[in-house]
Structures are given as structure tokens and as C-alpha cells.
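# Fold and geometry: a report
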Amino acid sequence: MGIGELDREAHVPEVTGAATAPRTLAEALRARGDEGLAALLRARPDLLSPVPNDLTQLATRAGTRGSVVRALERLDRFALQTAEALAVGPDPTPYPVLLALLSGDEGDPAVEAALPGAVALLREQALVWGEDDRLRLVRTARELLAPSAQHPSPTGLGPTVAEATSGMSPGRVQEIIAAAGLPTTHDPVSAVAALTELFTDRDRMGALLDTASPDALGVLDRLVWGPPYGEVTSDPAPPVRWLRDRGLLLPVSARTMVLPREVALHLRGGRAHRSPEPVPPELGVLREYRPQVVDSAAAGQAHVALATVEELLKSWDRGGPPVLRAGGLAVRDLKRTAAALDVTEETAAFWLELCYGAGLLASDGEADERYAPTPAYDDWLDLPPAERWALLVTPWLTATRTPGLVGGPDAKGRTLAALGPDLDRAPAPEVRHRVLELLATLAPGAAADPETLLARLRWERPLRGASQVASEGAGTTDLRSRLARWTLAEAEFLGLTGRGALSGPARALLNLPLAEAAAPADHGGGVELSVAAARAATLLAPLLPEAVDHVLLQADLTAVAPGPLRRPLADALAVLADVESKGGATVYRFTPGSVRRALDSGLTASDLHDFLKAHARTPVPQPLAYLVDDVARRHGHLRVGAASAYVRCDDDTVLGEILADRRSASLGLRRIAPTVLAAQTDPVSLLDGLRSMGYAPAAESAEGDVLVTRADAYRTPARTAPVPVPDGPPAPDTTLLGAAVRAIRAGDRAATVVRKEPAVATAAGALPRTSAAETLATVQAAAMTGSAVWIGYVNAEGAASQRVIAPVRVEGGFVTGYDHTADEVRTYPLHRITGVAELADDQV
């Protein structure tokens, strides 16, 4: 499309007949109803920022490169193939020609059935306009999709004969048509037209190819599906020379030949694509389970998820690892976290990002910055399990942070760190929603085949995937496919799926029917996510295991919790014993160190015996009772205080043993009294040193009392969860769409209304200019007659605009009337009106 056609596309004529075919995109939009305009703005929300003044501006904005690229990236494969076929077809393209480009000479019932919907979709999104006999692809889309040497088309087609011969000498063109058996002409234009007519005539073209040698036909076969370019030597082989002489191959440079588009289409049987894909790939079923089995498996995973999050944050209760200078968690700290959770580093990164996205984990913001739980974590612990689960999955569903990227390179080749920057990927929420929605289209209990699911996603967004592969390097799986794989794994971790099938609570979270598979929900409206999450939690609650208030003590100094423990019991037992193994039943082990930890927290031996008797369904084993008494008898036998530090003991032989022990050399001990040792280290280090030597000292205050040390939880200041990075403008709601359509209609009415010529002519597009007296007289007359007038107005910021108003009152230097442009009643100061003109009689 040339410059003149671009001008026509943006130009809006003053008078447009309703029955005539649209000549521009703006005219095509003007012929739409309000629902059609709303559908366009809903599909392409970037056109609403800001709201266009009129339909001409809307059409211009819809043809800008950035907006067209975004629209093309959201087309499915067949709609994109339809646009690509229009880009290689004539401009304009009749519908039968477009159908032939997609279905070929033999026809394709699937293409014939799907093509009307694809054309309607392209029309709705203002990528195509015009009637069926004159379909036009917008200029920018044609430039993006048409074949060129720099940007090959997915169709594999090359330039037309006219494009390929544009720089060829007239004599050479005449030689080509003579070799092809055509009569010579007097000008190159008619010669090119004759050659094009030959290549598009199936019978004559077939007769020409019948004279070609098998080797020449083999050359054409190698180029027919693309790429259409091939290198030749300065002295080409006879088959290539035969093709070149007859224009079946045309030179684009001294060493490169190209197969003209018309020749390729003849060899392809008229088909622009080798494999049109009018129907999306079906979602395959890997296995089928009873829905109850799926829900039970998903509930078990949800319980594990809650336990994992609690274990992770409890291990950082007194402060977690430091924050890297560039942000995020160091690789060694991620490895430690993975080892503590007994998971892979990739899975540990997911749990960390999940806690961060839910607002349960953040950096403390101090000078020596480190990670720690937030105050929201304590509130989260007080909630019922199902509600805690809902507070994890809700932010996961909308988060743009992508833990699967951790460990990979960023744009500059640096390793991406967990909890660090540059992990946001805007398409992540859309892909998560779509993966779960596709799972919901299967029967309840059916697990999808991941490969067919990925094929479906690639069909739905082919251009975006291709652009991502190009940006991330050859051989790299596109981001949407990787996001889909991560979504399947993460949904299983969270209990949204069980054994690969969507669970009942997950259906409720997506606002989908629970009894049978349904079409994807409209996330732009309907039930809010928080309400859906509450409903999902209600469904999950009876599936989660009941918390128990007892343990089973065993003679080997272990305790078995037959289920999840109630919180006070779990917290107390975590102090008294160490977790040895986790699973359906958690095994705790009592050790001298764990019992000493309980005594350090302020409990006495009798308190520990009472606790064990109260919460054990079995008698307290004798070895466990002896362990508690033995540690308690030694606990506090030594006292440590501040001198820098000192050790005192009533038994001077114990102090003698300490001094004689070589391991005490680093503590700098010396005897200052028969029962007192002084140390050259601080009390905390002295306590740790003596404990490492096998003693059980107790800390002492300045008054000589035993200090009770409790592990106070460390919390960050209040922190908000990270905000997702949007993927373009947000989808407009119904209220905004209605207001925008009314404003655009009103502005278009004001811009295209026919006006009477003023006494003093003004330049096209300039504001009307009249004197103050003429302005006042005209608006007063309009108010008396109830007619509308055209005014020029300059606001307080100096912005000028043209408006059509119907004055109803003129007083005090102001005119009040209905503004057709703004579609509301407004008041304007008369001194800011530059001029006024009456409307033409047929517009009144």
C-alpha cells in the first residue's frame, strides 16, 4: 500500500452513504454498531489509553505498529494463517480468492467451515476491513506479514513477478517473455503483466512445465515450500539456466535467484500454507481416575504444601539468610534450603517464591539486610488449614514472578537468583489460567497428556511463541510452553491437581461447574477471585486430615504423631524433640540436646514429665524418663556470667576437669577461686564452648539467678506482597466500555457534522473565529431556538478543541448546554470560545 492509500485509510470523508461499501478503516468502524465497537476495544484494550476523540483517531491508532503487533500476537494459528494469506494475496482480496489460498485447488471442508469465523475475528479486531468482495488487511499488518528478503513469510512464498522484476532492464524482460513463448510488447509494464497472466493460468502454466526437464522440476521442488531463495554460480547448470530464461526463477542479485510467488502457488496447487490448521489440536487424555481419588490426592498435596511452607518459615523464625547486594538469595543459601526441605533446588525456589508472593516472607530492610517472615505469617498460622491454602493459591494464580527461571541466565548472562529481580514474566498469569481451564474441559478425573496440551497452547498463540524463541535463542523452548510445564508441576505441588487431573476445589477457584466439564470462564467479570477462593477452601476443608492432640511414645526415644498436630502441641514438641522423618505420620526423636533446649526455654523436669503424660496415648517409656531426669540433673550445674565471662561451680573437681581439657584452651579460662573460673570470651561463646565439650551449663544473671533463654521470633516490618507486572493494559469492564463508546460516538459526530461556511473562511481543521458580539448573539439565538452550534474552545491549560453544543442558557458570561462531543451537559465561559458557526440545515 502506497502513501496515497495510507492517506485514504486515515482520511474520513464528510459524507458517507450508509449503503455504500466502506472506503477506509474509519468508515468501516463508523458502520459498526455499539456492540461492534465495544468488542474491538475489549479485544484490543491498548486502543483505550487514552480514549480516542473520534472514530478517525481510533482507526489511526488501530493501525499503528505497536498495536497491530500486540493484536497479531493474540491470534490463534488459523486466524494468523488467514492474515498471512491475505498478505500474499491481491489487495483487496475477494473472499473466494482467500478461500482458494487456504484450501487449494482441491478444497478443504474444514477450512471452508472455519474461514468465516477467522475472517470475522480479524474484522472484529480491525485487522481486516471491507466487504467480502474487497477484503483489506490493514497496511501495517500487511507490511509485517508480507514476504521479504529480510523477513521471510511463514508461508514460504517469495515476491511476485512484478516485485522481482522491478529493477530489471526492459530488454531482459522482453527476452524472458520471448523464451516463455509470449509475444513481445512495447513496454515492460505490459510484459510483466503478460508473464504474470501466464503464471496464473493453470492450463498454459502446465503446458510450459511439461517442457521442463526432470532436473529443472527438481530445482523447483526444492524451492516450492520455501525458502524461495537459492544461490547460483556465475555459470549456472542447464536446468537452472532453462528456468531463469523463462522467468520461472528470477534474479535478485548476481548470485541469488528467487522463485516468483505465482509460480510457487501454481506448484502448490494454489495453497499458501503447506498445512492449514483450521481446527485446534484435541486435548489427549493420559489416564482417568475417579473424581474422589483425584480430590483425595489433591488434598494430600495441599496438606504437604501447608506443612512445607510452615517448615520453611519456621526455620527462618530468628532471621533467614542475607540478601545479596544485587537482590535475591545466594546459591549456597538456596542449596541449604533445598537440603533442609529435602527437595530439589528448583522446588525450593518455588516454595520461596510462593511465600514471597503471598506476603509471608520479605527482606527486613535493615543495613545488614536479610530475609525473615513477615507479621502476616503469624496471622496466617492462626487460620484454619483450608483458608491458609486459599491464601497461597490465590496470589500464585495471579503472580507474574516465575520461579522456574531461577538458575537460568538473564538478558546480560547473569544467573537469576531466587527472590531476586528480573523474575517477572507478564504472560505467566494468563498461561496458568489457560492451562487450568484446558484441564477443566476434560471429564472430571481425567489427566491431560502434557504434549497435547502444549500443542494446543502453541496453536492458540503461535506468533508470541515464535517471537520468544527468536529472542531467547535457537533451540530454546518458547516461554509459554515452559510456563505451561511449570504450571502443571506447581499445580500438583499446591493440590490444585491430583495425579494430573483438576480437583474440585480448583474448579471452584476458577469459577467453573463442579459436576461436568465446562467452557472456560470469563475472568474479566463474574465472581471475584477472593469469593471463588473462599468457595474452594470450603470444598477442601473436609478433605484435609483432622489435627490430632496426641502422640505415640516409643521405647527407642521417638514419638510418632499419627497426623497433623494441633498448633500448641506441635510448637511444644518441636522444642522438646527433633523431627526425624516426615510423611503421613511424623516421627520425632528425643536427644540430650533437644531436652536441654526445652530446659533452656524455662521448663523444668516435672513440666516435661507432665507434658509427656498429658499428650501421649502410651505410657512414658522408661528410657525417655531417664533421659529427661539425667539432662535436668546436669542442667544448670555450671553457671556462666559476665566478667568478660566466668564459670562457677560448687564442685571444684569439675572445674579442674575443664581446665585440664585441651578443648577449653580457646576459651582463655583461668581459676580465680576454688569454685570460679574467669574466661576471656563473651558469655554466649563460653556457653557454646562448654556445651560442645559435653557439659550442660546454664546462663546466670548479674544477681546470680538462672537466665531463661527463649527463642524470640524475628519478624520484618509490615510488608506488602509483590504486585504482578501487567501484560499490557488491563481488560476494560462493561462500564468503561460503554462510556468509551459513547464518548467516541459523540466525538465522531462533532468531527463529521456538516457546518455552514462562516462569513470569513477558515483553514481546514482550524477553530472557527468570530467576534465576541457575534459569538454571544449566535449562542443566544441557538438557546432560544433549541438548535446546535459548532464552537471552538480553548481550556485553562491552553488545549484547543472543536465541539458541537446545544445551548440551553446564556447568562453571566457563561453558556450552558448539552455537549454532543462529551455526551453531557457542560458550562463554558464565553471568553474561552474562539468562535461559533451554525450547522447545515440538514444537520439541525
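Our structure's up above, just so we're on the same page.
Below, the structure is looked at part by part. If you're wondering where the values come from, they're calculated on a predicted model, not measured in any experiment. (Residues numbered from 1 in each chain as written. Predicted model: local features only at pLDDT ≥ 70, side-chain atom pairs only at ≥ 80, totals over all residues. Heavy atoms only, no water.)

## Some words on the overall build of the protein
Here is the rule we go by: Helix and strand assignments follow DSSP, with helices taken as H or I runs no shorter than four residues and strands as E runs no shorter than two, numbered in order from the N terminus. Here the term buried applies to any residue with accessible area under 20% of the maximum for its type, exposed to any over 50%, and partly exposed to those in between, with areas from a 1.4 Å probe on protein chains only. Between two residues, a contact is recorded if the distance between any of their heavy atoms is within 4.5 Å. Areas reported as accessible are Shrake-Rupley estimates using a 1.4 Å probe. Residue values count occlusion only from the protein chains shown.
On a plain count of helices and strands, the protein comes out with 35 helices and 25 strands. By the burial criterion, 46% of the 844 residues in the protein qualify as buried. Contacts in the protein between residues far apart in sequence, at least 24 positions, make up 65% of those at least 6 positions apart. Of the roughly 40,200 Å² of accessible surface on the protein, 54% is carried by carbon and sulfur atoms.

## Brief notes about the nonpolar core
Put simply, the rule is: Here the nonpolar core consists of buried residues drawn from Ala, Val, Leu, Ile, Met, Phe, Trp, Tyr and Cys, with membership extended through side-chain atoms lying within 4.5 Å.
Core analysis: the biggest nonpolar cluster contains 87 residues, and Leu 29, Leu 41, Leu 58, Leu 195, Phe 199, Leu 248 and Leu 249 have the highest contact counts within it. Examining the composition of this core, we find that eight residues originate from one element, helix α6 (residues 77–88), more than from any other. For Leu 58, the residues in contact, after removing those within four places along its chain, are Leu 29, Leu 37, Leu 40, Leu 41, Leu 47, Pro 52 and Ile 744. Leu 312, Leu 313, Leu 329 and Leu 397 belong to the second-largest nonpolar core, a separate cluster that totals 69 residues.

## Some thoughts on the environment of Leu 286
Residue position: Leu 286 is located in strand β6 (residues 285–288). For Leu 286, a relative accessible area of 55% puts it in the exposed group. Sequence spacing of Leu 286 and Ala 447 is 161 residues, and the spatial spacing of their C-alpha atoms is 5.5 Å. Among all residues touching Leu 286, those that are not within four sequence positions of it are Ala 447, Ala 448, Asp 449 and Pro 450.

## Some thoughts on the pattern of salt bridges
For clarity, the cut-off: Salt bridge, as used here: a side-chain nitrogen of Lys or Arg that lies within 4 Å of a carboxyl oxygen of Asp or Glu.
Under the definition given, this model contains 36 salt bridges. Close ionic contact of Glu 27 with Arg 23 constitutes a salt bridge, the shortest N to O distance being 3.2 Å. On the accessibility criterion, Arg 23 (54% relative accessible area) is exposed. The partner of Arg 809 in a salt bridge is Glu 811, with the nearest N and O atoms 3.2 Å apart.

## Re the sheet that holds strand β5 (residues 256–258)
Through backbone hydrogen bonds, the strands of a sheet pair up, either in parallel or in antiparallel fashion. This is how the line gets drawn: Two strands qualify as a pair provided DSSP detects at least 2 bridges between them.
Taken in spatial order, the three strands make up an open sheet running β3-β5-β4, and their pairing is antiparallel. The sheet terminates laterally at β3 (229–231) and β4 (250–251), the two strands that pair on one side only. Two elements, β3 and β5, share three bridges in a ladder whose sense is antiparallel. Paired with Tyr 229 across the two strands is Val 258, which belongs to β5.

## Some remarks on the environment of Leu 209
Take Leu 209: it is sitting in helix α13 (residues 202–210). Between the alpha carbons of Leu 209 and Leu 248 there is a distance of 9.5 Å; along the sequence they are 39 residues apart. Not counting chain neighbours up to four residues away, the residues in contact with Leu 209 comprise Leu 217, Leu 220, Leu 248, His 266 and Leu 267.

## Description of the sheet that holds strand β24 (residues 824–829)
Applicable threshold: The axes used here are C-alpha line fits, helices contributing only the stretch in contact, and every angle between their N-to-C directions lies in the interval 0 to 180 degrees.
Read across the open sheet, the five strands follow the order β24-β23-β22-β21-β25; overall the sheet is antiparallel. One side of each edge strand has no neighbouring strand; the edge strands of this open sheet are β24 and β25 (833–838). Strand-to-strand twist of the sheet, defined as the mean angle between neighbouring strand axes without regard to direction, takes the value 45°. As defined by bridge partners, strand β21 (residues 789–794) adjoins strand β22 (residues 800–811) across six bridges and the pair is classed as antiparallel. When the bridges of β22 are listed, Val 794 appears paired with Ala 800.

## Quick word on empty space enclosed by the protein
To keep things clear, this is the line we draw: Cavities and pockets were defined on a 1 Å grid built from protein atoms only: a cavity is a group of points that admits a 1.4 Å probe but offers it no way out, a pocket is an open group of points flanked by protein on both sides within 12 Å along at least five of seven lines, and a lining residue is one with an atom within 4 Å of any such point. Grid points are joined across faces, edges and corners, and a volume is the space filled by probe spheres set on the points. Just so you know the grouping, Ala, Val, Leu, Ile, Met, Phe, Trp, Tyr, Cys and Pro go in nonpolar, Asp, Glu, Lys and Arg go in charged, and all remaining residues, Gly too, go in polar.
By the definition in use, this model includes one cavity of 30 Å³ or more. Here the largest cavity defines a volume of roughly 30 Å³. If you trace the largest cavity, you find it lined by Thr 402, Pro 403, Arg 432, Leu 483, Trp 486, Thr 487 and Glu 490. It is helix α25 (residues 479–494) that contributes the most residues to the lining of the largest cavity, four residues altogether. Classifying every residue of the lining of the largest cavity gives three nonpolar, two polar and two charged.

## Some points on the pairing of strand β15 (residues 586–589)
In this structure, strand β13 (residues 558–561) lies alongside β15, joined through four bridges in antiparallel fashion. Residue pairing in the sheet places Ala 561 in a bridge with Thr 586 of β15.

## Description of unusual backbone geometry
In this structure, the amide linkage connecting Ser 49 to the following residue, Pro 50, adopts the cis form with an omega of -10°. Here Pro 50 is to be found in the loop between α3 (34–43) and α4 (55–62). Here the residue pair Asp 91 and Pro 92 is connected by a cis peptide bond, since its omega of 5° sits within 30 degrees of zero. Examined against the element boundaries, Pro 92 turns out to sit in the loop between α6 and α7 (95–103). One non-glycine residue, Asp 422, adopts positive backbone phi at about 65°. Take Asp 422: it is sitting in the loop between α21 (385–398) and α22 (428–440).

## Description of the packing of helix α30 (residues 605–615) against helix α31 (residues 622–634)
As a reminder of what qualifies: Angle categories: roughly parallel below 35 degrees, roughly antiparallel above 145, roughly perpendicular from 65 to 115, and oblique for all the rest. Throughout, a crossing is termed right-handed when the near helix is turned clockwise from the far one, and left-handed when it is turned anticlockwise from it by less than a right angle.
Viewed as axis vectors pointing N to C, α30 and α31 meet at an angle of 160°, and their least axial separation amounts to 9 Å. Judged on the interaxial angle alone, α31 and α30 are roughly antiparallel. When the axes of α30 and α31 are compared, the crossing they make is right-handed. Side by side, α30 and α31 meet where Ala 605, Leu 608, His 609 and Leu 612 of the first sit next to Leu 624, Ala 625, Val 628, Asp 629 and Ala 632 of the second. Of the residues contributing to the contact of α30 with α31, the split by class is seven nonpolar, one polar and one charged.

## Notes on the packing of aromatic side chains
Note the threshold: A pair of aromatic rings is counted whenever rings of Phe, Tyr or Trp (Trp by its six-membered ring) have centres within 6.5 Å, and the orientation is called stacked for planes under 30 degrees apart, edge-to-face for over 60 and tilted otherwise. Placement of a charge over a ring requires the Lys NZ or Arg CZ to be within 6 Å of the ring centre, with the centre-to-atom vector within 35 degrees of the ring normal.
On inspection of all chains with the given rule, the structure shows five aromatic pairs. Between Phe 350 and Phe 493 the ring centres are 5.7 Å apart and the planes differ by 40°, which places this aromatic pair in the tilted class. Taken as a pair, Phe 350 in helix α19 (residues 345–357) and Phe 493 in helix α25 lie far apart in primary sequence, 143 residues in all. Members of the aromatic cluster, joined through ring pairs, are Phe 350, Trp 351 and Phe 493. The residue whose ring lies beneath Arg 370 is Tyr 714, and the NZ or CZ to ring-centre distance is 4.3 Å. It is Arg 388 that lies over the ring of Trp 380; its NZ or CZ is 5.2 Å from the centre.

## Digging into the environment of Arg 434
Tracing the backbone shows Arg 434 in helix α22. You can call Arg 434 buried: its relative accessible area is 17%. On a C-alpha basis, the gap between Arg 434 and Thr 487 in space is 10.0 Å, while along the polypeptide they are 53 residues apart.

## A word on the side chain of Thr 93
For clarity, the cut-off: In protein, a polar contact requires one atom able to donate a hydrogen and another able to accept it; more generally it is a pair of N or O atoms within 3.5 Å, and residues adjacent in sequence count only if both atoms are side-chain atoms.
Within the fold, Thr 93 resides in the loop between α6 and α7. At 2.3 Å, the side chain of Thr 93 and the backbone oxygen of Pro 90 are in polar contact. Apart from the residues lying within four places of it in its own chain, the contact partners of Thr 93 are Leu 86, Leu 98, Asp 132, Arg 134 and Leu 135.

## A few points about the packing of α6 against helix α8 (residues 109–124)
Axis separation between α6 and α8 bottoms out at 9 Å; the angle between their running directions is 80°. Taken as axis vectors, α6 and α8 run roughly perpendicular relative to one another. Facing α6, whose interface residues are Phe 78, Ala 79, Thr 82, Ala 83 and Leu 86, α8 presents Val 111, Ala 114, Leu 115, Ala 118, Val 119, Leu 121 and Leu 122. Classifying every residue of the contact of α6 with α8 by side-chain character gives eleven nonpolar, one polar and no charged.

## Quick word on α19
Rules: A helix is expected to span 1.5 Å multiplied by its residue count minus one.
Spanning 13 residues, α19 covers 18 Å between terminal C-alpha atoms, matching the ideal 18 Å at 1.5 Å per step. With ten of 13 residues buried, α19 is to be regarded as a mostly interior element. The inward-facing, buried residues of α19 abut α17 (291–315), α18 (331–341), β7 (361–363), α21 and α25.

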